[in-house]
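Here is how the chains run, residue by residue.
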Amino acid sequence: MPPRIAQIRLVSSHPQVYPPCDDSFALVDALLADRTKLLDHHPSICMEIGSGSGYVITSLALILGSESKNALYFATDMNPHATTVTRETLEAHGVHAELLTTNIASGLEKRLSGMVDLMVINPPYVPTPEDEVGGSGLSSAWAGGENGRTVIDKILPVADSLLSEKGWLYMLFLAENDPLQICLQMKDKGYGSKIIVQRSTEEETLHVIKFWRDLDIQIEGNEAVSGGKTAPQRGFDFLRSQISRLSFRETRQ
Amino acid sequence: MRLLTHNMLSSNIKGVINGFPLRIEAEKVVIKEVDFNPDFIKNMFSKIDWKALADASKIMGYAELPEEVPDHSVLDSDEFLQKFHHALLQLHLEEGALVCPETGRRFPVNKGIPNMLLHEDEMNLDATCTSSASNP
């Protein structure tokens, strides 16, 4: 029997809340693709930032399901209609998450610092004029400012501070967000990265990228700063493979 | 909002040094039964600020928790775990507010969901999403 995910007919809706779309499906597909690894990971605290309709956090809770009964879920959204709709979607599937209407994870950052084992984020990634970012309704779900990076660039440092030592982040990007540059930026903070799902539609090319704290990368980074040239090549080879994969995919568009 | 959520929330207002715990103003408290899962509860024990939970639980009308931080050995007591379970997971603040201990700023809780959105002049710049984010 395939693992359960949220059912569209049970997903609640509101005119001011972004319904599940291709991007939501790509993110859930990435979680399904990594299901065995996620179960082995035994996340204790999971969080979704920008839960919208609740489709993704509900699917995550169902995917981890009975095999990960001890996980605790948090879901935030800056749109109060969205947190209400998320609550309805969770309840319709018989699962639970701690809900909060807030900006990114504001209010949780102190107590949950370094405690989140799994984060899933479908950010507002669409390139728009800067003044469209963060409106109070539906547009806040997609308006991403210049190159679609304005909100993404605010979320990443928050994710870095919340993620535990073994923390994993699954985040969705549009090709226009320059995911390669994001991977390089995260590498500087000690994260490895990998594309889990890549999907092209008529309108957009989506990547779901997984990030994890990679101690090898951190050590090599430090050695590089201190001038050591004997740093093992492993991290660089790894990165080069990521670059070629990403650039290959982006030139195909 | 369960007290588990309350236990993880701090005031996020600019300049506030110790915004924890938020004071609860309870207008409507509901009890929702959840399956008892001793492993989950034990796992949560180390993550919880006990005093904040015991005080919040009392305000919500449940005064069965010890005020002092219990010794780890209490985790062997089923009676204790049941009380801990009830306070942490079954008491819900459905309507009310959370109040910043330093500034007195009230964060409303409606339909069981706390709203921690800040006004522009309350935000740290690095935590600012956008200026319009402050006008929900």
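Residues numbered from 1 in each chain as written. Chains lettered and ligands numbered in written order. Predicted model: local features only at pLDDT ≥ 70, side-chain atom pairs only at ≥ 80, totals over all residues. Heavy atoms only, no water.

Chemist: If you had to explain helix α3 (residues 50-59) of chain B to someone new, which residues and values would you point to?
Modeler: Residues and elements named next belong to chain B. Every buried residue of α3 is listed here: Trp-50, Ala-52, Leu-53, Ala-54, Ala-56 and Ser-57. Considering only its buried residues, α3 is in contact with α1 (3-8), β1 (23-31), α2 (38-45), α4 (78-90) and β2 (91-99). Here α3 starts with a cap whose side-chain oxygen sits 3.4 Å from the backbone nitrogen of Lys-51, and that cap is Asp-49. Once α3 ends, the next one or two residues include Gly-61, with phi positive near 95°. (Buried < 20%, exposed > 50% of the residue type's maximum accessible area, 1.4 Å probe, protein only. Helix = DSSP H or I, 4+ residues; strand = E, 2+ residues; numbered from the N terminus. Contact = heavy atoms within 4.5 Å. Polar contact = N/O pair within 3.5 Å; in protein donor to acceptor, adjacent residues only side chain to side chain.)

Chemist: So what's going on with a negative patch on the surface? Residues and values would help.
Modeler: A cluster of acidic residues, Glu130(A), Asp131(A), Glu132(A) and Glu146(A), forms a negative patch at the surface. Following the sequence through the fold, Glu146(A) ends up in the loop between β4 (116-121) and α5 (150-162). (Patch = residues over 30% accessible without salt bridge, like charges linked within 9 Å, V, L, I, M, F, W, Y side chains within 5 Å. Areas by Shrake-Rupley, 256 points an atom, 1.4 Å probe, with all protein chains shown as cover. Salt bridge = Lys/Arg side-chain N within 4 Å of Asp/Glu carboxyl O. Lys, Arg positive; Asp, Glu negative; His and termini not counted. Charge placed at Lys NZ, Arg CZ, Asp CG, Glu CD.)

Chemist: Quick one: what's the story with the packing of α3(B) against α4(B), residue by residue and with numbers?
Modeler: Residue and element names in this part refer to chain B. With their axes 10 Å apart at the nearest point, α3 and α4 run at an angle of 70° to one another. When the axes of α3 and α4 are compared, the pair comes out roughly perpendicular. Contacts between α3 and α4 involve Trp-50, Leu-53 and Ser-57 from the former and Phe-80, Phe-84, Ala-87 and Leu-88 from the latter. Residues belonging to the contact of α3 with α4 are distributed by class as follows: six nonpolar, one polar and no charged. (Axes fitted to C-alpha atoms, helices over the stretch in contact; angles between N-to-C directions. Parallel < 35°, antiparallel > 145°, perpendicular 65-115°, else oblique. Nonpolar A, V, L, I, M, F, W, Y, C, P; charged D, E, K, R; others polar.)

Chemist: Residues and numbers for the sheet that holds strand β2 (residues 72-77) of chain A, please.
Modeler: What links the strands of a sheet is backbone hydrogen bonding, and the strands pair in either a parallel or an antiparallel sense. All names here are of chain A. Across the sheet, which stays open at both edges, the seven strands sit in the order β3-β2-β1-β4-β5-β7-β6 with mixed pairing between neighbours. Edge positions in the sheet fall to β3 (98-101) and β6 (191-200), since each of these pairs with one other strand and no more. Each strand of the sheet is rotated relative to its neighbour by a mean of 15°, with strand direction disregarded. In this sheet, strand β7 (residues 205-213) lies alongside strand β5 (residues 163-174) in antiparallel orientation, the contact comprising seven bridges. The residue of β7 that forms the bridge with Leu-174 is Leu-206. (Pairing = 2+ DSSP bridges.)

Chemist: Give me the lowdown on the confidence of the model for chain A, citing residues and values where you can.
Modeler: All names here are of chain A. Of all residues in chain A, 85% have pLDDT values of 70 or greater, and the mean over the chain is 88. Within the model, the stretch residues 223-236 combines pLDDT values under 50 with 11 contacts to residues more than four positions away or in other chains. Predicted confidence for residues 247-253 stays below pLDDT 50, and this span has eight contacts to residues more than four positions away or in other chains. (pLDDT = per-residue confidence, 0-100.)

Chemist: Please set out the interface of chain B and chain A residue by residue, giving values where relevant.
Modeler: Listed by partner, the interface residues are 40 residues for chain B and 32 residues for chain A. Interface area for chain B against chain A, summed over the two sides, is near 2900 Å², with a carbon-plus-sulfur share of 55%. Applying the counting rule to chain B against chain A returns two salt bridges. Measuring nitrogen to oxygen at the nearest pair gives 3.2 Å for the salt bridge that ties Arg87(A) to Glu94(B). At the boundary of chain B and chain A, one finds 15 residue pairs in polar contact (both at pLDDT 80 or more). (Buried area = accessible area lost by both parts, 1.4 Å probe.)

Chemist: Tell me about the pairing of β7(A), and name the residues and values.
Modeler: Residue and element names in this part refer to chain A. Among the nine residues of β7, seven are classified as buried, and the element is accordingly described as predominantly covered. Examined bridge by bridge, β6 and β7 share nine bridges and lie antiparallel to one another. By the bridge assignment for β7, Arg-199 is matched with Leu-206. In sequence, β6 turns back onto β7 through a hairpin of four residues.

Chemist: Any chance you could break down the side chain of Ser57(B) for me, citing the residues and the numbers?
Modeler: Residue and element names in this part refer to chain B. Positionally, Ser-57 belongs in helix α3. Taking relative accessible area as the criterion, Ser-57 reaches 0% and is therefore assigned buried. Looking at Ser-57, its side chain comes within polar contact range of the main-chain oxygen of Tyr-62, at 2.6 Å.

Chemist: Quick rundown of the environment of Leu9(B)? Include the residues and the values.
Modeler: Locating Leu9(B) in the fold gives a position in the loop between α1 and β1. Every residue in contact with Leu9(B), bar those within four places of it in the chain, is listed here: Leu100(A), Gly107(A), Leu108(A), Arg111(A), Phe20(B), Leu22(B), Leu98(B), Pro114(B) and Met116(B).

Chemist: Explain the packing of aromatic side chains to me, and be specific about the residues and the numbers.
Modeler: Here the structure, examined in full by the defined rule, presents eight aromatic pairs over all chains. Of the aromatic side chains, those joined through ring pairs into one cluster are Phe45(B), Trp50(B), Phe80(B) and Phe84(B). The positively charged end of Lys210(A) is found above the aromatic ring belonging to Trp168(A), 3.5 Å away from the centroid. (Phe/Tyr/Trp six-rings, centres within 6.5 Å; stacked < 30°, edge-to-face > 60°. Lys NZ or Arg CZ within 6 Å of the ring centre and 35° of its normal.)

Chemist: I'd like a rundown of the sheet that holds strand β4 (residues 113-114) of chain B, residues and numbers included.
Modeler: Residue and element names in this part refer to chain B. The strand order β1-β2-β3-β4 describes an open sheet built from four strands, whose pairing is antiparallel. Of all strands in the sheet, those bounded by a partner on one side alone are β1 and β4. Sheet analysis places strand β3 (residues 106-110) next to β4, joined by two bridges and oriented antiparallel. The partner of Val-109 across the bridge, within β4, is Pro-114.

Chemist: Describe the pattern of salt bridges, with residues and values.
Modeler: Going through the model one piece at a time under the given rule, you end up with 15 salt bridges over all chains. For Glu79(B), the salt bridge goes to Lys83(B), with nearest N and O atoms at 3.4 Å. In this pair, Glu79(B) and Lys83(B) both sit in helix α4, four residues apart, roughly one turn of the helix. On the basis of relative accessible area, Glu79(B) is assigned to the exposed category, the value being 56%. A residue is classified by how much of its surface remains accessible, and Lys83(B), at 23% relative accessible area, is partly exposed. Across the pair Glu122(B) and Arg105(B) runs a salt bridge, and its minimum N-O distance is 2.7 Å. Residue Glu122(B) is found in the segment after β4, and its partner Arg105(B) is found in the loop between β2 and β3; the two are separated by 17 residues along the sequence. Ionic contacts of the salt-bridge type, sharing partners, join the residues Arg87(A), Glu91(A), Lys32(B) and Glu94(B) into one network.

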